[in-house]
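Observations on chain architecture
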Amino acid sequence: MPSNAPPTTSIVGRRLKMLREELGWSQERIGVAIGIDESSSRARISRYELGVHEPPVPTAKLIAEAMNAPLPYLYCEDDQVAALLLALHRMTARERNSSLTEFMRLLRQH
């Protein structure tokens, strides 16, 4: 592989970029939201998205919290499961309980 080949995007990088773009946020906004100096926040988040660096778990947790997502969402390899994690996270406790009750009822039917 040539040394100038672009790095492979990590699952964390891919999820981070997808969610950031969905929210319409800049890389700088995320970096500043988690306490990275404004002058370097864009470059740091870009490196995470590109897979050049993997954020340490405490940093990934801050990123997830800033974007209203559960930490496991950033590490989930399955797109459908990731979408479910995000949806469940954004529900109220009452909505989650109702959804879980309905889901368990459907499972018992099969």
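Read on for an overview of the structure.

Conventions adopted
Throughout this description, residue numbers start from 1 for each chain and increase along the sequence as written. Only residues with pLDDT of at least 70 are given local features in this predicted model, and only at 80 or more are side-chain atom pairs given and counted; all residues enter the totals for whole chains, interfaces and linings. For the side-chain quantities, the full set of heavy atoms in the structure was used; hydrogens and water were omitted. The secondary structure listing takes helices from DSSP runs of H or I that are at least 4 residues long and strands from runs of E that are at least 2 residues long, numbered from the N terminus. As defined in this context, the radius of gyration uses C-alpha atoms, and a globule is described by 2.2 Å times the residue total to the power 0.38. Classification of residues uses two cut-offs on accessible area relative to the type maximum, computed with a 1.4 Å probe and protein chains only: under 20% is buried, over 50% is exposed, and between them is partly exposed. When a carboxyl oxygen of Asp or Glu lies within 4 Å of a side-chain nitrogen of Lys or Arg, that pair is called a salt bridge. Stacked, edge-to-face and tilted are the three classes for Phe, Tyr and Trp ring pairs, Trp counted by its six-membered ring, which pair at centre distances within 6.5 Å; planes under 30 degrees apart are stacked, over 60 edge-to-face, the rest tilted. Placement of a positive charge over a ring is assigned whenever Lys NZ or Arg CZ falls within 6 Å of the ring centre and within 35 degrees of the normal to the ring plane. A patch consists of residues whose relative accessible area exceeds 30% and which take part in no salt bridge; residues with like charges are grouped when within 9 Å of each other, and nonpolar side chains (Val, Leu, Ile, Met, Phe, Trp, Tyr) when within 5 Å. Computed by Shrake-Rupley with a 1.4 Å probe, the accessible areas treat only the displayed protein chains as cover when residues are assessed. Each axis is a line fitted through C-alpha atoms, taken for helices only over the stretch in contact, and angles between the N-to-C directions span 0 to 180 degrees. Working rule for angles: under 35 degrees goes down as roughly parallel, over 145 as roughly antiparallel, 65 to 115 as roughly perpendicular, anything else as oblique. When the near helix sits turned anticlockwise from the far one by under a right angle, the crossing is termed left-handed; a clockwise turn instead gives a right-handed crossing. We call two residues contacting when some pair of their heavy atoms lies within 4.5 Å. Under the scheme applied, nonpolar residues are Ala, Val, Leu, Ile, Met, Phe, Trp, Tyr, Cys and Pro; charged residues are Asp, Glu, Lys and Arg; polar residues are all the others, including Gly.

1. Notes on the overall build of the protein chain
Of regular secondary structure, the protein chain possesses 7 helices and 0 strands. In terms of overall dimensions, the protein chain is more spread out than a globule: its C-alpha atoms have a radius of gyration of 17 Å, far above the 13 Å expected for 110 residues. Referenced to the eigenvectors of the C-alpha coordinate spread, the extents of the protein chain come out at roughly 55 × 35 × 25 Å. With 110 residues in all, the protein chain has 27% of them scored as buried.

2. Remarks on the pattern of salt bridges
Tallying each qualifying case throughout the model produces 6 salt bridges. Here Lys61 ties to Glu65 by a salt bridge, and the two come within 3.4 Å at their closest N and O atoms. Within this pair, Lys61 and its partner Glu65 are both found in helix H4 (residues 57-66), separated by 4 residues, close to a single helical turn. Overall, the relative accessible area of 49% leaves Glu65 in the partly exposed class. Overlapping salt bridges, with partners in common, bring together Arg14, Arg15 and Asp79 in one network.

3. A few points about the packing of aromatic side chains
A complete count under the given rule lists 0 aromatic pairs for this structure. The ring of Tyr73 is capped by Arg15, whose NZ or CZ atom sits 5.6 Å from the centre of that ring.

4. Regarding a nonpolar patch on the surface
The grouping of Leu100, Phe103, Met104 and Leu107 at the surface amounts to a nonpolar patch, some 380 Å² of accessible area in total. Along the polypeptide, Phe103 turns up in helix H7 (residues 93-109). Taking the relative accessible area as the measure of exposure, Phe103 reaches 47% and is therefore partly exposed.

5. A closer look at the packing of helix H1 (residues 11-23) against helix H6 (residues 79-90)
One way to put it is that H1 packs onto H6 with a least axis distance of 13 Å and a crossing angle of 50°. By the angle class used here, H1 and H6 are oblique. Seen from above, H1 lies across H6 with right-handed handedness. Together, Arg14, Arg15, Leu19, Glu22 and Leu23 of H1 and Asp79, Ala82, Leu86 and Arg90 of H6 make up the contact between the two elements. Here the contact of H1 with H6 is built from residues that sort into 4 nonpolar, no polar and 5 charged.

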